[in-house]
Amino acid sequence: MPPTIIKIAVKFELEIRVKNLVIVCFLSVFCLFSAVANSKPSSLEIEKLERGEIIIKSIPQQGDGTRFQAWAIFHASVNDTRDVLIDFKSYPQFMPDITNTEILSKEPTIVNYTLGLPMGMKKRYRLSHTVESHDEEVKLRWKQIPWKEVAPEDSIRDTKGLWHLSALAENKTLVLYDITTDPGDVPFGFGWIVDYLSKESVPNVLKNTKAYISDKSFRK
């Protein structure tokens, strides 16, 4: 076989191997990510949740931002839990650091949020919410949408997530809180904001919501 043909054949084979390797790596990462992202609490984890614990998992992310899934059991019905979560006017009473909400529209529900952070910092952002209800299961999704009147440094780059509620018993709900947050560029010396808006706030969101639902007199 002529040398030129051999070189072309070798090059072609190498290209095929590289492409196959890339596909395999992609599928492996995708499968790993999907398995983690879609996983449900194990029987041992359910026992912990029954004891009132909160389980938090860090989910691998590609690109910027951090993602966490947190599980808890609320001693309330799915509908009662849903009603609290879609009562956005009441969020300043129990959601960590939320100082003000402004409902702009419904279907989808669009809400402006103001966060009051330590050291006098404030962040404002706008979310669009949708609700899916199927028997004894509810999914409340949100995603950030543009708010052109707010400067980038006064907002966060992106956030999206999900509340997934499923009935365990008549007045017992398995709650999944799945959130991805990208605070964006932060000033020098303010790196703590990244953790504060993600990992540190996640357990408090569940604790405060659970307390608010079980005790109507609860205030943060």
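Residues numbered from 1 in each chain as written. Predicted model: local features only at pLDDT ≥ 70, side-chain atom pairs only at ≥ 80, totals over all residues. Heavy atoms only, no water.

### Here we look at the confidence of the model for the protein chain
Stage number 1. Averaged over every residue, the pLDDT of the protein chain is 82; residues scoring 70 or more account for 74%.
Stage number 2. Scored below 50 in pLDDT, residues 18-38 makes eleven contacts in the model with residues more than four places away or belonging to other chains. (pLDDT = per-residue confidence, 0-100. Contact = heavy atoms within 4.5 Å.)

### Considering empty space enclosed by the protein
Stage number 1. Under the definition given, this model contains two cavities of 30 Å³ or more.
Stage number 2. Of the voids in this model, the largest cavity is the one considered here, and its volume is about 390 Å³.
Stage number 3. Lining the largest cavity we find 23 residues, and of these Ile98, Tyr125, Tyr177, Ile179 and Val205 sit closest to its centre.
Stage number 4. Mapped by element, the contributors of at least two residues to the lining of the largest cavity are β4 (109-116), β5 (122-134), β6 (137-145), β7 (158-169), β8 (172-182) and α6 (201-214).
Stage number 5. Within the lining of the largest cavity, the residues separate by chemical class into 18 nonpolar, four polar and one charged.
Stage number 6. The volume enclosed by the second largest cavity comes to roughly 40 Å³.
Stage number 7. The wall of the second largest cavity is formed by Arg82, Leu85, Ile86, Val131, Val138, Leu140, Trp163 and Leu165. (1 Å grid on protein atoms, 1.4 Å probe; cavity = no way out; pocket = protein on both sides within 12 Å on 5 of 7 lines; lining within 4 Å. Points joined across faces, edges and corners; volume = space filled by probe spheres on them. Helix = DSSP H or I, 4+ residues; strand = E, 2+ residues; numbered from the N terminus. Nonpolar A, V, L, I, M, F, W, Y, C, P; charged D, E, K, R; others polar.)

### Focus: the side chain of Ser128
Stage number 1. Structurally, Ser128 is set in strand β5.
Stage number 2. Those residues within four positions of Ser128 in sequence are excluded, and the remaining contacts are Pro108, Thr109, Ile110, Arg141, Trp142, Lys143 and Ile145.

### A few points about the packing of aromatic side chains
Stage number 1. The final tally for this structure, using the stated rule, is seven aromatic pairs.
Stage number 2. Ring plane angle 40 degrees and centroid distance 6.2 Å describe the contact between Tyr91 and Tyr113, whose orientation is recorded as tilted. Here Tyr113 lies in strand β4 and Tyr91 lies in helix α4 (residues 91-94), a separation of 22 residues in the sequence. Considered together, Tyr91 and Tyr113 belong to a single accessibility category, that of buried residues.
Stage number 3. Ring geometry for Trp163 against Tyr177: centres 4.6 Å apart, planes inclined by 40 degrees, an arrangement best described as tilted. Here Tyr177 lies in strand β8 and Trp163 lies in strand β7, a separation of 14 residues in the sequence. Per residue, the accessibility class of Trp163 equals that of Tyr177, and both read buried.
Stage number 4. Members of the aromatic cluster, each reached through a chain of ring pairs, are Phe88, Tyr91, Phe94, Tyr113, Tyr125 and Tyr212. (Phe/Tyr/Trp six-rings, centres within 6.5 Å; stacked < 30°, edge-to-face > 60°. Buried < 20%, exposed > 50% of the residue type's maximum accessible area, 1.4 Å probe, protein only.)

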